[in-house]
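Structure at a glance
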Amino acid sequence: MAIENERDRMLNIVLHEPEMPANTGNIGRTCVATGTKLHLIRPYGFVLSDKMIKRSGMDYWDKLSLYQYLDYEDFVTKNPDARVFYATTKAMNKYTDVDFHDGDFIMFGKESAGIPEEILVKHPDKCIRIPMGEEIRSLNLSNSVAIILYEALRQLDFQNLEEKGSLHRLNWC
């Protein structure tokens, strides 16, 4: 039971119907590096055994805490008490306006269309965006995940992450 409680304190990234295997692989690698769970909501635009996932996820994919769902309703049913933030370019709130907590879920939509508006309109106060210029529709999905995830981790004081880096051959003076 202690392991389950520890897992509940982790942050959670949710990809709603991801389409590009390279993005999903990159996001999986970021999740492993940060101790974050990855939740994937079907349908996908690829198969999980796709070589692009393995290439971008490198040899970290087997270390990933991965959860899969048949559809959005399955996700909601299996995570009834989840505090979910919905990353969308259409939000009024910036991601820096949020006070993130252990166990929060941050959902991102598919690359071509984002999170369905039918979901967004039910949670207007939980929709967040990354500010950007008007001349661009959106940022790359894996970049967006990294930006928001690292803000949440910063707010949580990067708990359970290595505090300093080390050199390969030499030592810091």
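What comes next concerns the included structure. (Residues numbered from 1 in each chain as written. Predicted model: local features only at pLDDT ≥ 70, side-chain atom pairs only at ≥ 80, totals over all residues. Heavy atoms only, no water.)

1. Here's the deal with the overall build of the protein chain
Threshold: Going along the chain from the N terminus, every DSSP run of H or I of four or more residues is numbered as a helix, and every run of E of two or more is numbered as a strand. In this description the radius of gyration comes from C-alpha coordinates, and the expected globular size is given by 2.2 Å times residues to the power 0.38. Burial here depends on accessible area, computed with a 1.4 Å probe over protein chains only, as a share of the maximum for the residue type. Under 20% is buried, over 50% is exposed, and the range in between is partly exposed. By the convention used here, residues are in contact when the closest approach between their heavy atoms is within 4.5 Å.
If you tally the helices and strands in the protein chain, you get 6 helices and 7 strands. Starting at the N terminus and walking to the C terminus, you meet the elements of the protein chain as α-β-α-β-α-β-α-β-β-β-α-β-α. The globule rule puts the C-alpha radius of gyration for 173 residues at 16 Å, and the 16 Å found for the protein chain is close to it. With the C-alpha coordinates aligned to their principal axes, the bounding extent of the protein chain is approximately 55 × 45 × 35 Å. In the protein chain, which comprises 173 residues, the share counted as buried stands at 39%. Of the contacts formed within the protein chain by residues at least 6 apart in sequence, a portion of 77% connects residues at least 24 apart.

2. Considering the pairing of strand β2 (residues 37-41)
To keep things clear, this is the line we draw: Strands were regarded as paired on the criterion that DSSP finds at least two bridges between them.
When you tally the buried positions in β2, you get 5 out of 5 residues, the bulk of the element. Taking every second residue as pointing to the same face, both faces of β2 are buried, with K37, H39 and I41 on one and L38 and L40 on the other. Across 5 bridges, strand β1 (residues 12-16) lies against β2 in parallel orientation. The residue bridging H16 from the neighbouring strand is I41, located in β2.

3. Observations regarding the sheet that holds strand β5 (residues 93-94)
Selection criterion: All axes here are fitted lines through C-alpha atoms, helices being fitted over the stretch that makes contact, and every angle between N-to-C directions spans 0 to 180 degrees.
Spatially, β3-β2-β1-β6-β4-β7-β5 is the arrangement adopted by the 7 strands of the open sheet, whose pairing is parallel. A single partner strand is all that each edge strand has here, and the edge strands are β3 (66-69) and β5. Bridge count between β5 and strand β7 (residues 127-129): 2 bridges; the pairing is parallel. If you follow N93 over to β7, its bridge partner there is I128. The sheet strands contacting helix α2 (residues 21-34) are β1 and β2, and the helix crosses β2 at an angle near 150°. Its contacts with the sheet put helix α6 (residues 141-155) on β1, β4 (84-87), β6 (105-108) and β7, and the angle it makes with β6 is roughly 160°.

4. Describing the environment of D104
Tracing the backbone through its elements, the reader meets D104 in the loop between β5 and β6. By relative accessible area, D104 is classed as buried at 3%. Each C-alpha atom, one on D104 and one on A82, is 6.8 Å from the other, the two residues being 22 residues apart in sequence. Leaving out residues up to four positions away in the same chain, D104 has contacts with M10, L11, N12, R83, F85 and D99.

5. Quick look at α2
Put simply, the test is: For a helix, the expected span equals 1.5 Å multiplied by the residue count minus one.
The terminal C-alpha atoms of α2 lie 20 Å apart, and with 14 residues this matches the ideal 20 Å at 1.5 Å per residue to within 8%. Along α2, the residues classified as buried are P21, N23, T24, G25, I27, G28, C31 and T34. The first or second residue beyond α2 is G35, which carries a positive phi of 70°.

6. Topic: the layout of surface pockets
Our working definition: Definitions used for this entry: grid spacing 1 Å over protein atoms alone; cavity, a set of points where a 1.4 Å probe fits but cannot get out; pocket, an open set with protein on both sides within 12 Å along at least 5 of 7 lines; lining residue, one with an atom within 4 Å of a point. Grid points are joined across faces, edges and corners, and a volume is the space filled by probe spheres set on the points. We call Asp, Glu, Lys and Arg charged. Ala, Val, Leu, Ile, Met, Phe, Trp, Tyr, Cys and Pro are nonpolar, and the rest, Gly among them, are polar.
Roughly 510 Å³ of volume is contained in the largest pocket. Looking at the largest pocket, it is lined by 25 residues, and the ones nearest its centre are T89, E111, G114, S138 and L139. Within the residue set of the lining of the largest pocket, elements represented by two or more residues are β7 and α6. Grouping the constituent residues of the lining of the largest pocket by class yields 11 nonpolar, 9 polar and 5 charged.

7. Considering a nonpolar patch on the surface
Put simply, the rule reads: Patches in this entry comprise residues that are over 30% relatively accessible and not in a salt bridge; like charges within 9 Å are linked, as are nonpolar side chains (Val, Leu, Ile, Met, Phe, Trp, Tyr) within 5 Å. Computed by Shrake-Rupley with a 1.4 Å probe, the accessible areas treat only the displayed protein chains as cover when residues are assessed. By definition, a salt bridge exists where a carboxyl oxygen of Asp or Glu is found within 4 Å of a side-chain nitrogen of Lys or Arg.
A contiguous nonpolar patch, built from M132, I136, L139 and I147 and spanning about 270 Å² of accessible area, is present on the exposed surface. Here M132 shows up in the loop between β7 and α6. Given the relative accessible area of 31%, M132 is considered partly exposed.

8. A word on the environment of N143
When you line up the elements, N143 lands in helix α6. By relative accessible area, N143 is classed as partly exposed at 44%.

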